[in-house]
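Chain and residue survey
Residues per chain, in single letters:
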Amino acid sequence: MSTTAVVTGLGVVSPNGLGIKDFWAATKSGKSGIGRITRFDPSPYPARLAGEIPGFVAEDHLPNRLLPQTDRMTQLALVAADWALADAGVTPAELPEFDMGVVTASHSGGFEFGQGELKKLWSLGSQHVSAYQSFAWFYAVNSGQISIRNGMKGPSGVVVSDQAGGLDAIAQARRQIRKGTALIVSGGVEAPVCPWGWVAQLAGNRLSTSDEPARAYLPFDAEACGHVPGEGGAILVLEAAEAARRRGAKVYGEIAGYGATIDPRPGSGGEPGLRRALETALADAGVRPGEVDVVFADAAAIPELDRAEADAINAVFGPGGVPVTAPKTMTGRLYSGAAPLDLASAFLAMADGLIPPTVNTEPSPEYGLDLVTAQPRPAEIRTALVLARGQGGFNSALVVRAAD
Amino acid sequence: MATKEFTLDDLKRILREGAGADESVDLDGDILDTDFEELGYESLALLETGGRIEREFGITLDDDVLTDARTPRALIAAVNALLGAGAAA
Amino acid sequence: MTGRRVVITGMEVLAPGGIGTKNFWSLLSEGRTATRGITFFDPSPFRSRVAAEIDFDPEEHGLSPQEVRRMDRAAQFAVVAARGAVADSGIELEEYDPYRVGVTIGSAVGATMGLDQEYRIVSDGGRLDLVDHTYAVPHLYNYLVPSSFTAEVAWAVGAQGPSTVVSTGCTSGIDAVGYAVELIREGSVDVMVAGASDAPISPITMACFDAIKATTPRHDRPECASRPFDGTRNGFVLGEGAAVFVLEELGSARRRGAHIYAEIAGYATRSNAYHMTGLRPDGAEMAEAIRVALDEARMNPEEIDYINAHGSGTKQNDRHETAAFKRSLGEHAYRTPVSSIKSMVGHSLGAIGSIEIAASALAMEHNVVPPTANLHTPDPECDLDYVPLTARDQITDAVLTVGSGFGGFQSAMVLARPERSAA
């Protein structure tokens, strides 16, 4: 029988709250972090809203020496990791260094840092490019910097599967725990809100062009018109259940099941793979559909993608058969950070007995979902399912179970 | 052409801009003969610093300069030697 | 360790100087080098002006004009290599449940080349801070997120199982294959198409390695520029390429009568938790990865016949890994041939780990150890047998291949013959 992986610490950096306390207070009361972009002038672009994190001052949390060599994304990730470890009551220096690893998901790397160096390259010349460009922007930077800051020498890794990657990282972390590593820091944090990152995202043709924060990102609504991107995410501490029990750790819950697929080639007419990912995750967890208390939806807010997700959920649970929610309507889509943040929400929801709401959406009846809207819904939550999909057809599903 | 001089203040400014400063180190103290490593600057930080000095002062540092100059005094001397040579040429 | 054992049944390599596995092996076994003066752009402003470039015409390799348009060069490499690997393996993927066939592609820097070129346009040569979206290519999002590489490969081969990109810097090519092996072993999939691709020879990459003096400034004789373990080496030579494999469970591979190149008997990765670019000279973390990989393979150090080194050609690396080999293999390190194919094909960042797995499997296939080219002047601190200049005939039943990357990642993989007695 394989080792159980449990979650013992959460670190959250979200547009609607820094730290789990602020984040959960905002999330359960429906407070949104979406607004007009302030980090640059968005007026030349067709999309102008984002979920930005206000009030994050890296200098307050990190050594000064780290600041010139890190993108905002990495600064947020390092702080989220610090908070997650503190929440878990773990002091890394006290644990065997090869018994701790770091597995994060990435989406576009430290893109803002990269933009600055590309500008120097092309406007001033190659000699003006920073020594830190060699790693500050690349996809592996968050895992590397977290491992260095915390002295973690165990198995580490980085996965990139667009927005599905956040769950793939958690699954890979569980795999390492099953292979014998006691603790893995995992999750994802992004910060692609810079002009160059914005232009690249616009090319994906999925951004909402609405200027009204309350009308811009409306998954499962007849007026769904694309998504609002955001920055942030969450870092989780995963531990072998036995190790957590030995040290008397507080346990949020268990990573119980995982499934992942990729859609067939666009235009091939094949069935999307989300349903299979979902069924695989339930089977892996040994959970029957009736035991799932809430689904955290991917919530693309693109009509055909909302349709595909509703079809997958309804096929497994029956129409309206399970409460569904998308608190990411308050943060925007955070790419690799989205699903780890949803996982944090799922654990906080279990602890609080409340399903957080999907704000702003007026659910279209054609989707046949029991969407939790406007107000949080009291519920006993023992088992939650988190779905995440990425551009390119990536589908991942993760089942988490409350601690006994 | 005016001869530029590279001073300790220039070095401290460039270190702070390019590599930051370790909270436990007082760069405004007597650091001229303190090893860069003790000041919290490893080879990468010195490469970044060297690149900034090269651009600002219009010189090219040999690869060995940054590894051989282990203290601010040595680096300042090496940079000024190049600046002097440039002025003389 | 579960009972499921994973073997390589197909491969395709795109390397400088050798497109296709056969040409690649000719280059290695003859000890020829593929490094040259950069031709992709004017290298004169750069400190390092040599690279190992591939002369690659994507349409000649079966990509349609639209596929060429929407894919960065590294994605093109990946798709061509994946199709080649599936063809080489003789596997009929249509006969499998597509949800039990997955894809992992490793890449350190993703679509850097495409991003560099597109930034230059949308910023009008770096002039605009608010870069102009109306000048962006329609497929720029595919460059932004390198998981597009894996999606392209999955579509090309018809895979619908767990699929991702693994991006752990210069160990990506080992870690992507290691990730795939774990998926087969745990029973999540039956077949994985796994490998790595990078095409980083672009001004921004050259500039950032110039800034840390990691690449060689020697360009008088480009063909001799990559000199791992040589006392006069002074940095690596950037390369590009891809290698992709078909991985299957041993029993099903045997049942279908597949040709088996090698079993992936053990794999591990560890981090040095020390520095994003620096290495401590003791090699302790790489040694630990090697120890765990051997343990997983249930093999003793004495069973390793050949070490395919990271051998990037920086002084720091060569000493670090020499120490790691001694630390993990003891006296056997002195008796084991060690070589770096980066002397011939350069350092293609994330791709090279997979290219080196291919070289390791081919060394077993041919019972020939590829040499370290350009090694004329021994470095007293690197005192192992680095197989200078000329390939060596030698029974090769088990190979250790290692990688070391920015971010502190240290990875090790053991390839062996599946019929070995210890298994």
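From a predicted model like this one, the values you see are computed outputs, not experimental measurements. (Residues numbered from 1 in each chain as written. Chains lettered and ligands numbered in written order. Predicted model: local features only at pLDDT ≥ 70, side-chain atom pairs only at ≥ 80, totals over all residues.)

With respect to the overall build of chain C
- Helix and strand counts for chain C come out as 14 helices and 16 strands.
- Rg of the C-alpha trace for chain C: 20 Å, near the compact-globule value of 22 Å for 423 residues, within the 12% margin.
- A principal-axis box enclosing the C-alpha atoms of chain C has dimensions of 65 × 55 × 40 Å. (Helix = DSSP H or I, 4+ residues; strand = E, 2+ residues; numbered from the N terminus. Rg over C-alpha atoms; globule rule 2.2 N^0.38 Å.)

Focus: the domain arrangement of chain C
Residue and element names in this part refer to chain C.
- By domain assignment, chain C separates into domain 1 (6–255) and domain 2 (267–416).
- For domain 1 versus domain 2, the separation of C-alpha centres amounts to 21 Å.
- Taken together, the contact between domain 1 and domain 2 spans 61 residues of the former and 56 residues of the latter.
- For the side of domain 1 that touches domain 2, the secondary-structure elements that each account for two or more residues are strand E1 (6–15), helix H1 (21–29), strand E4 (50–52), helix H7 (172–186), strand E7 (191–198), strand E8 (238–239) and strand E9 (241–249).
- Top element by residues in the side of domain 1 that touches domain 2 is H7. It accounts for eight residues.
- For the side of domain 1 that touches domain 2, the class distribution of residues is 30 nonpolar, 24 polar and seven charged. (Domains from an automatic or database assignment. Contact = placed C-beta atoms within 7 Å. Nonpolar A, V, L, I, M, F, W, Y, C, P; charged D, E, K, R; others polar.)

Focus on the interface of chain C and chain B
- Taken together, the contact pairs six residues of chain C with six residues of chain B.
- A class-by-class count of the residues in the side of chain C that touches chain B yields two nonpolar, three polar and one charged.

Description of the packing of helix H10 (residues 284–296) of chain C against helix H11 (residues 315–329) of chain C
Residue and element names in this part refer to chain C.
- Close contact between H10 and H11 brings their axes to 8 Å; oriented N to C, the two are set at 45°. Classified by the angle between their axes, H10 and H11 sit oblique to one another. You can see that H10 and H11 cross each other, and the crossing is right-handed. For the pair H10 and H11, the contacting residues are Ala284, Met286, Ala287, Ile290 and Arg291 in the first and Glu321, Ala324, Arg327 and Ser328 in the second.
- Within the contact of H10 with H11, the residues separate by chemical class into five nonpolar, one polar and three charged. (Axes fitted to C-alpha atoms, helices over the stretch in contact; angles between N-to-C directions. Parallel < 35°, antiparallel > 145°, perpendicular 65-115°, else oblique. Left-handed = near helix turned anticlockwise from the far one by under 90°.)

Side note on the environment of C:Thr377
Residues and elements named next belong to chain C.
- Inspection of the secondary structure puts Thr377 in the loop between strand E13 (368–369) and strand E14 (392–393).
- According to the C-beta neighbour criterion, Thr377 is exposed, with 12 such atoms within 10 Å.
- Separated by 342 residues in sequence, Thr377 and Thr35 have C-alpha atoms that sit 19 Å apart.
- Residues contacting Thr377, with those up to four places away along its chain left out, are Asp230, Gly231 and Thr232. (Buried ≥ 20, exposed ≤ 12 C-beta atoms within 10 Å, placed from the backbone.)

Some points on the nonpolar core
- Ranked by size, the top nonpolar core spans 322 residues in total, and within it A:Ala80, C:Ala78 and C:Val193 carry the most contacts.
- When residues in this core are grouped by element, the largest group, 11 residues, is from helix H2 (residues 72–88) of chain A.
- Other than its neighbours up to four places away in sequence, C:Ala78 contacts C:Ile105, C:Phe149, C:Glu152, C:Val153, C:Ser197, C:Ala242 and C:Val244. (Core = buried A, V, L, I, M, F, W, Y, C linked by C-beta atoms within 7 Å.)

Some remarks on the UniProt feature "domain: Ketosynthase family 3 (KS3)" (unreviewed entry) in chain A
- UniProt records the feature "domain: Ketosynthase family 3 (KS3)" (unreviewed entry) for residues 2–402 of chain A in the present numbering.
- Here residues 2–402 of chain A runs as 31% helix and 21% strand, with 18 Å between its end C-alpha atoms. (UniProt positions renumbered as here; feature names shortened; annotations may be inferred.)

Focus: the interface of chain A and chain C
- In this complex, chain A contributes 67 residues to the contact, which on the side of chain C involves 70 residues.
- Within the residue set of the side of chain A that touches chain C, elements represented by two or more residues are helix H3 (111–123), helix H4 (133–136), helix H5 (141–150), strand E6 (157–160), helix H6 (165–178), helix H7 (195–202) and strand E9 (253–262) of chain A.
- When the residues that make up the side of chain A that touches chain C are grouped by side-chain class, the tally is 30 nonpolar, 27 polar and 10 charged.
- Sheet topology note: the E6(A)/strand E6 (residues 163–166) of chain C ladder contains two bridges and is antiparallel. Bridge pairing in E6(C) links A:Val160 to C:Val165. (Pairing = 2+ DSSP bridges.)

Looking at the sheet that holds strand E3 (residues 36–37) of chain C
Residue and element names in this part refer to chain C.
- Spatial ordering of the open sheet is given by E3-E4-E8, a layout of three strands whose pairing is mixed. The strands lining the two open edges of the sheet, one partner per strand, are E3 and E8.
- In this sheet, E8 lies alongside E4 in parallel orientation, the contact comprising two bridges. Looking at the pairing, Ala51 lines up with Leu238 of E8.

Some words on the UniProt feature "domain: Ketosynthase family 3 (KS3)" (unreviewed entry) in chain C
- Taking the numbering used here, the UniProt-annotated feature "domain: Ketosynthase family 3 (KS3)" (unreviewed entry) corresponds to residues 3–417 of chain C.
- The span residues 3–417 of chain C is 34% helix and 19% strand, and its two end C-alpha atoms sit 16 Å from each other.

Here we look at helix H1 (residues 8–19) of chain B
- Over its 12 residues, H1(B) runs 16 Å from end to end, which matches the ideal 16 Å to within 8%, given 1.5 Å per residue.
- One or two steps after H1(B), the chain reaches B:Gly20, where phi turns positive at roughly 75°. (Expected span 1.5 Å × (residues − 1).)

So, unusual backbone geometry
- Of note in the backbone geometry, A:Asn360 takes a positive phi value of approximately 75° without being a glycine.
- Relative to the helices and strands, A:Asn360 resides in the loop between strand E12 (354–355) and strand E13 (370–371).
- Judged by local crowding, A:Asn360 falls into the buried class, with 22 C-beta atoms found within 10 Å.
- Notably, C:Val387 is not glycine yet its phi reads approximately 50°, a positive angle.
- Locating C:Val387 in the fold gives a position in the loop between E13 and E14.

Focus: the domain arrangement of chain A
Residues and elements named next belong to chain A.
- When its domains are assigned, chain A resolves into domain 1 (5–246) and domain 2 (256–402).
- Distance from the C-alpha centre of domain 1 to the C-alpha centre of domain 2: 21 Å.
- Contact residues are listed per partner, giving 57 residues for domain 1 and 55 residues for domain 2.
- Elements with a minimum of two residues in the side of domain 1 that touches domain 2: strand E1 (5–14), helix H1 (19–28), strand E4 (49–51), H6, strand E7 (183–190) and strand E8 (232–240).

Some words on the pairing of E6(C)
All names here are of chain C.
- Here E6 shows two buried faces, one formed by Ser163 and Val165 and the other by Thr164 and Val166.
- Here strand E5 (residues 101–106) runs beside E6; their pairing, made up of four bridges, is parallel. Within E6, the position partnered with Thr104 by the bridge is Thr164.

Examining the packing of H1(A) against helix H11 (residues 338–352) of chain A
Residue and element names in this part refer to chain A.
- Contact pair H1 / H11: the axes reach a minimum separation of 11 Å and the direction vectors enclose 75°. The angle between the axes of H1 and H11 places the two elements in the roughly perpendicular class. From H1, Ile20, Trp24, Thr27 and Lys28 reach across to H11, where they touch Ala344, Ser345, Leu348 and Asp352.

A look at H10(C)
Residue and element names in this part refer to chain C.
- With 13 residues, H10 should cover 18 Å at 1.5 Å per step; its first-to-last C-alpha distance of 18 Å lies within 8% of that length.
- H10 sits mainly inside the fold: 10 of its 13 residues count as buried.
- Of the surrounding elements, those touching the buried residues of H10 are strand E10 (262–271), H11, strand E15 (398–404) and strand E16 (409–416).
- The first or second residue beyond H10 is Arg298, which carries a positive phi of 50°.

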